[in-house]
Amino acid sequence: PATMTGKVPSFSPSSTVSSALPGYVALCLALQVHRLASEQLTVRGPGHPITASLGGEAILPCHLSPRMSAETMELRWFRFKFSAVVHRYKDGQDQYGQQMPGYQGRTELLKDNITSGSVSLRIRNVQLSDHGQYTCFFQSNVSYEEALLELQVAVSGSDPHISVDGHQDGGIWVVCRSAGWHPEPEAQWRDHHGQLLSSASEKISKAANGLFQSQISIVITEHSNQDLSCSVRNPLLNREKISTVSIAELFFPRVNPWMVALGVILSLLAVLIGLASYCFWRQQRAK
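Residues numbered from 1 in each chain as written. Predicted model: local features only at pLDDT ≥ 70, side-chain atom pairs only at ≥ 80, totals over all residues. Heavy atoms only, no water.

Asks: Got a sec to walk through the overall build of the protein? Specific residues and values, please.
Replies: Helices and strands together make up the secondary structure of the protein, namely 3 helices and 18 strands. Within the protein, buried positions represent 31% of all 287 residues. Taking as baseline every contact in the protein between residues at least 6 positions apart, the subset at least 24 positions apart corresponds to 56%. Element-wise, carbon and sulfur atoms account for 56% of the exposed surface of the protein, whose accessible area totals about 18200 Å². (Helix = DSSP H or I, 4+ residues; strand = E, 2+ residues; numbered from the N terminus. Buried < 20%, exposed > 50% of the residue type's maximum accessible area, 1.4 Å probe, protein only. Contact = heavy atoms within 4.5 Å. Areas by Shrake-Rupley, 256 points an atom, 1.4 Å probe, with all protein chains shown as cover.)

See below:
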């Protein structure tokens with residue numbers, strides 16, 4: 001009879017693992033890439049407040065760490081909430097549709113180093129309303145991250161004006177005024193040696209334009225140090241403006257002893273001349 005011969009297929013554990021290995025490796029690689037992408041998307045700001053002068057420019061920098069391209073990401077700077085957009089970049093272009101009206105025409109995204117994950121937002125013609133916190137937001141296809149930045153707007157005000165506003169407690173009430181500062185300035189009295197003097201009163205108020213004005217007073221007596229200066233300092237810019245005055249020359253004139261002696265002598269001479277004239281008149285009348 002005819003016989004049929006053939007091979008019975010055999011399966012071994014090693015062949016099964018070998019066929020499944022490429023898919024397993026691909027899955028592991030995909031998970032690893034996703035994990036690394038999520039870990040790498042860390043946004044960092046400057047780590048310190050940024051100071052800008054009123055009317056000048058402010059640069060708000062952000063970068064990814066470790067470095068990676070942000071060309072295909074969505075970048076957004078916003079203020080108090082996500083929808084309060086200062087500037088937005090998406091699909092490789094600046095997007096101005098959601099920008100707050102107060103920032104229109106004043107912002108620019110600096111993209112020179114965007115391929116290494118470093119970008120900066122330039123704000124031109126800085127306003128007092130720009131003062132405060134900003135959020136720098138980066139979003140990729142797999143995750144998003146953000147960082148906080150703080151912008152401080154600084155203004156140096158007018159030179160201090162020193163005036164005398166009357167008398168009090170046996171002395172002279174001297175006032176120092178200066179306006180147009182931001183943030184609140186620090187005002188001080190000093191003597192001619194540069195030593196601090198205690199103020200009788202201090203007042204800082206905010207004007208309608210949002211700038212601060214300072215007023216400090218001091219009482220100067222005849223026996224106190226009457227050569228003094230008033231300094232007003234901007235703590236952000238570390239700049240101060242100073243005015244000096246000598247109260248003694250105006251209100252406490254120093255008396256020269258020789259002038260006193262001369263006055264006494266002249267007074268005595270006037271009395272003697274008067275007596276001599278009277279005696280001469282009596283003598284002439286008697287004759």
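Asks: Requested: an account of the pairing of strand E12 (residues 171-181), with residues and values cited.
Replies: Burial analysis of E12 places 9 of its 11 residues in the buried class, which makes it a mostly covered element. As judged from the 6 bridges shared by strand E11 (residues 161-168) and E12, these two strands associate in the antiparallel manner. What sits directly across from Ser-163, in E12, is Val-175. As defined by bridge partners, E12 adjoins strand E16 (residues 212-220) across 9 bridges and the pair is classed as antiparallel. Paired with Ala-179 across the two strands is Gln-213, which belongs to E16. (Pairing = 2+ DSSP bridges.)

Asks: A description of a nonpolar patch on the surface should follow, citing residues and the corresponding values.
Replies: Nonpolar side chains collect at one region of the surface, where Leu-262, Ile-265, Leu-266, Leu-269, Val-271, Leu-272, Ile-273 and Leu-275 lie side by side and expose about 760 Å² of accessible area between them. Take Ile-265: it is sitting in helix H3 (residues 257-286). Note on Ile-265: relative accessible area 47%, which makes it partly exposed. (Patch = residues over 30% accessible without salt bridge, like charges linked within 9 Å, V, L, I, M, F, W, Y side chains within 5 Å. Salt bridge = Lys/Arg side-chain N within 4 Å of Asp/Glu carboxyl O.)

Asks: Pulling in residues and values, what's your account of unusual backbone geometry?
Replies: Of note, the bond from Ser-65 into Pro-66 is cis; its omega dihedral lies within 30 degrees of zero at -5 degrees. With an omega of -5 degrees, the peptide bond between His-182 and Pro-183 qualifies as cis. Inspection of the secondary structure assignment puts Pro-183 in the loop between E12 and strand E13 (186-191). The backbone of Asn-125 shows a phi angle near 50 degrees, a positive value even though the residue is not glycine. Topologically, Asn-125 is positioned in the loop between strand E8 (118-123) and strand E9 (132-139). One non-glycine residue, Asn-238, lies in the positive phi region at around 55 degrees.

Asks: Tell me about the packing of aromatic side chains, and please be specific about residues and values.
Replies: Enumeration according to the criterion identifies 3 aromatic pairs in this entry. Aromatic side chains Phe-78 and Phe-82 sit 5.3 Å apart centroid to centroid with 65 degrees between the ring planes, which places their arrangement in the edge-to-face category. Here Phe-82 and Phe-137 contribute two aromatic rings whose centre-to-centre distance is 5.1 Å and whose plane-to-plane angle is 80 degrees, an arrangement assigned as edge-to-face. On the criterion of sequence distance, the pair formed by Phe-82 in the loop between strand E4 (74-78) and strand E5 (85-90) and Phe-137 in strand E9 is long-range, its members being 55 residues apart. On the accessibility criterion, Phe-82 (39% relative accessible area) is partly exposed. Judged by relative accessible area, which is 5%, Phe-137 ranks as buried. The rings of Phe-78, Phe-82, Phe-137 and Tyr-144 are connected pair by pair, giving a single aromatic cluster. The ring of Tyr-134 carries Arg-79 above its face, with NZ or CZ at 4.3 Å from the centroid. (Phe/Tyr/Trp six-rings, centres within 6.5 Å; stacked < 30°, edge-to-face > 60°. Lys NZ or Arg CZ within 6 Å of the ring centre and 35° of its normal.)

Asks: Please provide a residue-by-residue account of the environment of Gly-55, values included.
Replies: Assignment of secondary structure puts Gly-55 in the loop between strand E2 (50-53) and strand E3 (58-64). For Gly-55, a relative accessible area of 45% corresponds to the partly exposed category. Along the backbone, Gly-55 and Leu-128 are 73 residues apart, and their C-alpha atoms lie at a distance of 9.0 Å. Beyond its immediate stretch of four places on either side in the chain, Gly-55 contacts Asn-125 and Val-126.

Asks: Break down the sheet that holds E8 for me, citing the residues and quoting the values.
Replies: Across the sheet, 4 strands lie side by side as E1-E3-E8-E7; this open sheet has antiparallel pairing. Looking at the sheet topology across the chains shown, the edges are occupied by strand E1 (43-44) and strand E7 (107-110). Here E1 runs beside E3; their pairing, made up of 2 bridges, is antiparallel. Looking across to E3, one finds that Arg-44 is bridged to His-63.

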